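Residue strings, one per chain:
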Amino acid sequence: MSAQTGRPTLADAPPSSRRIDRARIRVENLKNDPNPIWMREMRQAARLGRTPIILAVITGLMALLICAVGGVASVKAEPAKVGVALFHTFFSLAFAVVTWIGPAVAASTIASERSGRTWEALSLTGLGPTTIAQGKFLASLTYISLYIVMLVPVGALPFLFGGVSATEVLAAFALLFCFGVLSVAFGLSISSQFSSSAVAIVVTLLVAIPLSLMVYLLGGVALSVAVHDLWPAIPKGAPVWLPTAYVRAELGLEYLAFLVLAPLVVIGVPAWFLYEVTVANMGGVSDDRSSGIRRWFLVSAPAFCVAAVVPTFAVPSDRWAATAIALSLMFIFLTTMAFVFAGEPLGPSRRVLIHWERRGVGRLRRYLGPGITRAVSLLMILGTLCLGLQMAVGVILELTAGGPLAHQNATRVVAFGGYLVGYCLFLAGLSAWTRARSWWQPCS
Amino acid sequence: MSQSELWVAAAPALVQAPAIRVRHLWHRYGAMDVLRDVSLEVGHGEIFGFIGPNGAGKTTTIRIMATLLDPMAGRVEIDGIDVSVDPDQVRKIIGYMPDHAGVYDRITVREYLEFFADSYRVTNLGVVDAVIELTDLGNLQDRLVAALSKGMKQRLGLARILLHDPKILILDEPASDLDPRARIEIRDLLLELRELGKTIFLSSHILTELSDVCTSVGILERGKLVVAGPIGEIAERLEEQRAAQAVGLAPGDPGAPRPIQAFVPAAVEPAPAPAADGAPVAPPPPAVVTTAGGAEIPAATRKRLRLRVLGDARVVMPLIAGGTGILGVEPGPGGQLTVYYVGNDRFVADVVRHLVASGVGIVGVEPERNELERIFLEVTRGDLQ
Ligand SMILES: Nc1ncnc2c1ncn2[C@@H]1O[C@H](COP(=O)(O)OP(=O)(O)OP(=O)(O)O)[C@@H](O)[C@H]1O
Ligand SMILES: [Mg+2]
């Protein structure tokens, strides 16, 4: 039941009942018995006097800005061009609003429970880090969605000028929402680390603002140039190219790879990571805080490896450079993970061992459990395999393509890749060594 | 970890485990040992007072019991469940009230409790109402939580930890910062909760607030448990020890009484009769007192009553001196009279009635204060460690 909604929880349907009935009861219970933290945060937010004011001010400013840009532009240019300019201006600004306010809103949530001394009472209710994380996530996402919804009327303005279709505007809003999801997840993961909300907000903004600018410039402006080569219908240098691409690119394998799979991976993989980090940070020192991140690594390393190497097939002219970029990206990924794993405990705690024993946990699950040697050995094995795969792809592509420099380029790939593998193994070993020697114990 | 240890950890308790069992608990912050080999047991249905000066390590012990801190060495079991192995199970059966908890902004008392009822996954919609009634928060239920006074917040905190009907309540300084009225209300509430079958573990550095609700106490000093047990029993053993020292036996010599040490029987002791607070510390009474008839009465059963009468106390003395149960009468200034006696509250009432019937104007009656304060001062002086 939920005392907050005042509705009883329906009992689970017997396993013999139809699947549709069981699903219906589950959906019904989502409504009757929603995440308690989400409910409470919504109640509190609704009573915060400044929320509507901030919303109104941001919407008003945005409307003014768009009208001004539209007014100035329409003096000279034709309406369709004005529409496109407004579209890019609006969504660039909206991107900034979502990626700056989203993390800031989320950053205060978990940290404020700690600084407000309500965290202990909350954790003793037995809700568990996952439920707490979900509640906080939903609350922050609802809040940031409010911003997006408030911006919808302003965002529809460019559509009136022409030059952009309604589908593009809708797709842009959907993407904005996805960025909202990522921003909130990012803010939460930082929030879970700190016990003062002010510090959490400052740190989050210090990271989020440069990161969002980088995503905007690299993923927006720079990538649009490459995309223009592939699909000329997409204007060169336009930052908000993805919604346009969804409408204008020709359907095909590339559409599926670059416009469906790649964005899914680009949003899903970091979101999953941020979620695992948040949950791990909320657990106690003796809890198993490693398996989640390790499972993520087990899946995302191969995914990242493949995603980085796929573009080499699409660049016939400069294969060696594309392979080097793929190898470098993989290396950056592995180096980051070496730092993440450096915080591992030396081994599983007594609690974790007893729980493994009781549940008869198998070898693989134990291997993914806490322990610096487990973490580092996984990093070494998986890292070598991924870099090796990329090297193999690079060499094969060079050799099958032929040409005067084929052998030389293949040698370069092997030399560069080999160097990266060696360096990666060294880093992993170093992080294990320093961890094993340090007195430092991660605190809850 | 060996298989047998694992098995022991997983095995169900065959005999009923004590509500709280702490074994050889150590904890360290940085280079400072905050807890040093603390061992104690609290039986079901007891109210255990955990007393110690500031910084003794009470909160640290309590946070370990409440699964919020992992012990560095030693074992803590709540109702037979190891807190460092199954914190989730322990959380279901304990209610922990921290000393300085925060509350959420912009929600009312009722919403606050509803939120926690949901968080505890309580299945009964009537629980919030029941708890509001028990803790007497009815007329505050629509007030904003953040606007409550400290005493009200304390009561709200207590209401919160009752929502999931835990067997064991762990309260860190429940009566600190409370005015006398609020303190008495909390005290009554604790007694009521004990009637409901709860075991209560509470910490305090204010001795008088505890003396009349606790069935047992433990005194912690600089991370070491100096003494633990039912108050009467500790007092008795202190007397024995002092008597032994008086005849030249060092603690530990053959024939000397067992030294005061951590020891709490699991059996439930009846709550001592309520007594009022505020009287000054009594001088240590002699180990054994002798009645007028020559019978020896152990000091632990001897009680003291302070009376204030109209007029000269000396005139009143003969009216009660030598009566059954009266061990001695001492006059004091300003009509004060100290009566040493053996007996219960009824006896006190009889004495008062007898005096009134004899035409004595009684201005005040102060029954014996608890011996807790005296015990505390004595055992934390360091001479018994
Ligand atoms: N997080 C911490 N880091 C370092 N030292 C700590 C920490 N918490 C407590 N201490 C130290 O441990 C000792 C015991 O603290 P604790 O809070 O358990 O005492 P206490 O008996 O509850 O005192 P009080 O009556 O003041 O509440 C103190 O000396 C304190 O300074
Ligand atoms: Mg304390």
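Owing to the predicted nature of the structure, the values given are computational and were not obtained by experimental measurement.

## Considerations on the overall build of chain B
Within chain B one finds 11 helices and 16 strands. When burial is assessed residue by residue, chain B has 50% of its 385 residues classed as buried. Considering only intrachain contacts with a sequence separation of at least 6, the fraction spanning at least 24 residues in chain B is 68%. Surface accessibility of chain B: about 17,200 Å² in total, with carbon and sulfur atoms responsible for 54%.

## Focus on the site of ligand 1
Residue and element names in this part refer to chain B. For ligand 1, the set of nearby residues contains 13 residues, the closest of which are Asn 54, Gly 55, Lys 58, Thr 59 and Thr 60. Gly 57 is positioned such that a nitrogen or oxygen atom in its backbone is 2.9 Å from an oxygen atom of ligand 1. Relative to its unbound accessible area of 630 Å², ligand 1 is 60% covered by the protein chains. Counting residues per element, the ones that place at least two in the shell around ligand 1 are strand 2 (32-42) and helix 2 (58-65). The element best represented in the shell around ligand 1 is helix 2, accounting for 3 residues.

## What to know about the nonpolar core
Core analysis: the largest hydrophobic core is formed by 92 residues, its most contacted members being A:Phe90, A:Phe91, B:Leu113, B:Leu163 and B:Leu171. Ranked by the residues each element gives to this core, the list is headed by helix 4 (residues 79-115) of chain A, at 11 residues. Of all hydrophobic cores here, the second largest spans 39 residues; its members include A:Phe297, A:Ala301, A:Phe331 and A:Leu420.

## Thoughts on the interface of chain A and chain B
The interface of chain A with chain B comprises 33 residues on the first partner and 44 residues on the second. Together, the buried faces of chain A and chain B total about 3,600 Å²; carbon and sulfur atoms form 55% of this surface. Run the count over chain A and chain B and you get 7 salt bridges. Of the charged contacts in the structure, one is a salt bridge between B:Asp70 and A:Arg351, with a shortest N-O distance of 3.1 Å. For the pair chain A and chain B, the number of links is 18 residue pairs in polar contact (both at pLDDT 80 or more).

## Things to note about the sheet that holds strand 10 (residues 224-230) of chain B
Residue and element names in this part refer to chain B. Across the sheet, which stays open at both edges, the 6 strands sit in the order 6-7-8-3-9-10 with mixed pairing between neighbours. Among the strands making up the open sheet, the edge pair consists of strand 6 (94-97) and strand 10. On average, each strand axis in the sheet is inclined to that of its neighbour by 15 degrees, with strand direction left out of account. Relative to strand 8 (residues 199-204), strand 3 (residues 47-51) runs parallel, the two sharing 5 bridges. Looking across to strand 8, one finds that Ile 47 is bridged to Ile 200. The strands touched by helix 7 (residues 180-195) are strand 3, strand 7 (168-172) and strand 8; relative to strand 8, the strand with the most contacts, the crossing angle is about 155 degrees.

## A closer look at the domain arrangement of chain A
With domains assigned, chain A is organised as domain 1 (1-33), domain 2 (47-281) and domain 3 (284-444). Taking only C-alpha atoms, the centre of domain 1 of chain A and the centre of domain 2 of chain A are 33 Å apart.

## A few points about the sheet that holds strand 16 (residues 362-366) of chain B
Backbone-to-backbone hydrogen bonds pair the strands of a sheet. The strands run either parallel or antiparallel. Residue and element names in this part refer to chain B. Strand order in the open sheet formed by 4 strands is 14-15-13-16, with antiparallel pairing between adjacent strands. The open sheet has two edge strands, strand 14 (326-331) and strand 16, and neither has a second partner. Averaged over all adjacent pairs, the angle separating strand axes in this sheet is 20 degrees, with direction ignored. The pairing of strand 13 (residues 303-309) with strand 16 spans 4 bridges and is classified as antiparallel. By the bridge assignment for strand 16, Leu 307 is matched with Val 365.

## So, the packing of helix 3 (residues 50-76) of chain A against helix 4 of chain A
All names here are of chain A. Between helix 3 and helix 4, the shortest axis-to-axis distance is 10 Å and the interhelical angle comes to 155 degrees. Overall, the two elements helix 3 and helix 4 adopt an arrangement that is roughly antiparallel. At the point where helix 3 passes helix 4, the crossing takes the right-handed sense. Within the contact between the two elements, helix 3 uses Ile 58, Met 62, Leu 65, Ile 66, Val 69, Gly 70, Ala 73 and Ser 74 and helix 4 uses Val 82, Leu 86, Thr 89, Phe 90, Leu 93, Ala 94, Val 97 and Ile 101.

## With respect to the packing of aromatic side chains
Residues and elements named next belong to chain A. All chains considered together, the criterion is met by 26 aromatic pairs over all chains. Ring geometry for Tyr 143 versus Tyr 147: centroids 5.6 Å apart, planes at 65 degrees, classification edge-to-face. With Tyr 143 and Tyr 147 both in helix 6 (residues 128-155) and 4 residues apart, the pair spans about one turn of that helix. For Tyr 143, a relative accessible area of 16% puts it in the buried group.

## Description of helix 7 of chain B
Residue and element names in this part refer to chain B. Helix length check: helix 7, at 16 residues, gives a terminal C-alpha distance of 23 Å against a target of 22 Å (1.5 Å per residue), a fit within 8%. Three or more residues of helix 7 are buried, namely Ala 182, Ile 186, Arg 187, Leu 189, Leu 190, Leu 193 and Arg 194. Taken down its axis, helix 7 places every buried residue within 160 degrees of arc, on the same side. Projecting away from the buried face of helix 7 at angles above 90 degrees are the exposed residues Pro 180, Arg 181 and Glu 195. Residues of helix 7 that are buried in the fold lie against strand 3, helix 5 (127-134), helix 6 (150-162), strand 7 and strand 8.

## Structural notes on the confidence of the model for chain A
On average, residues of chain A score 89 in pLDDT, and 96% of them are at 70 or above. The least confident element of chain A, judged by mean pLDDT, is helix 1 (residues 19-32) of chain A at 75; the most confident is helix 14 (residues 350-359) of chain A at 95.

The rules behind the values
- Residues numbered from 1 in each chain as written.
- Chains lettered and ligands numbered in written order.
- Predicted model: local features only at pLDDT ≥ 70, side-chain atom pairs only at ≥ 80, totals over all residues.
- Heavy atoms only, no water.
- Helix = DSSP H or I, 4+ residues; strand = E, 2+ residues; numbered from the N terminus.
- Buried < 20%, exposed > 50% of the residue type's maximum accessible area, 1.4 Å probe, protein only.
- Contact = heavy atoms within 4.5 Å.
- Areas by Shrake-Rupley, 256 points an atom, 1.4 Å probe, with all protein chains shown as cover.
- Near = heavy atom within 4 Å.
- Polar contact = N/O pair within 3.5 Å; in protein donor to acceptor, adjacent residues only side chain to side chain.
- Core = buried A, V, L, I, M, F, W, Y, C linked by side-chain atoms within 4.5 Å.
- Buried area = accessible area lost by both parts, 1.4 Å probe.
- Salt bridge = Lys/Arg side-chain N within 4 Å of Asp/Glu carboxyl O.
- Pairing = 2+ DSSP bridges.
- Axes fitted to C-alpha atoms, helices over the stretch in contact; angles between N-to-C directions.
- Domains from an automatic or database assignment.
- Parallel < 35°, antiparallel > 145°, perpendicular 65-115°, else oblique.
- Left-handed = near helix turned anticlockwise from the far one by under 90°.
- Phe/Tyr/Trp six-rings, centres within 6.5 Å; stacked < 30°, edge-to-face > 60°.
- Expected span 1.5 Å × (residues − 1).
- Arc of directions from axis to C-beta.
- pLDDT = per-residue confidence, 0-100.

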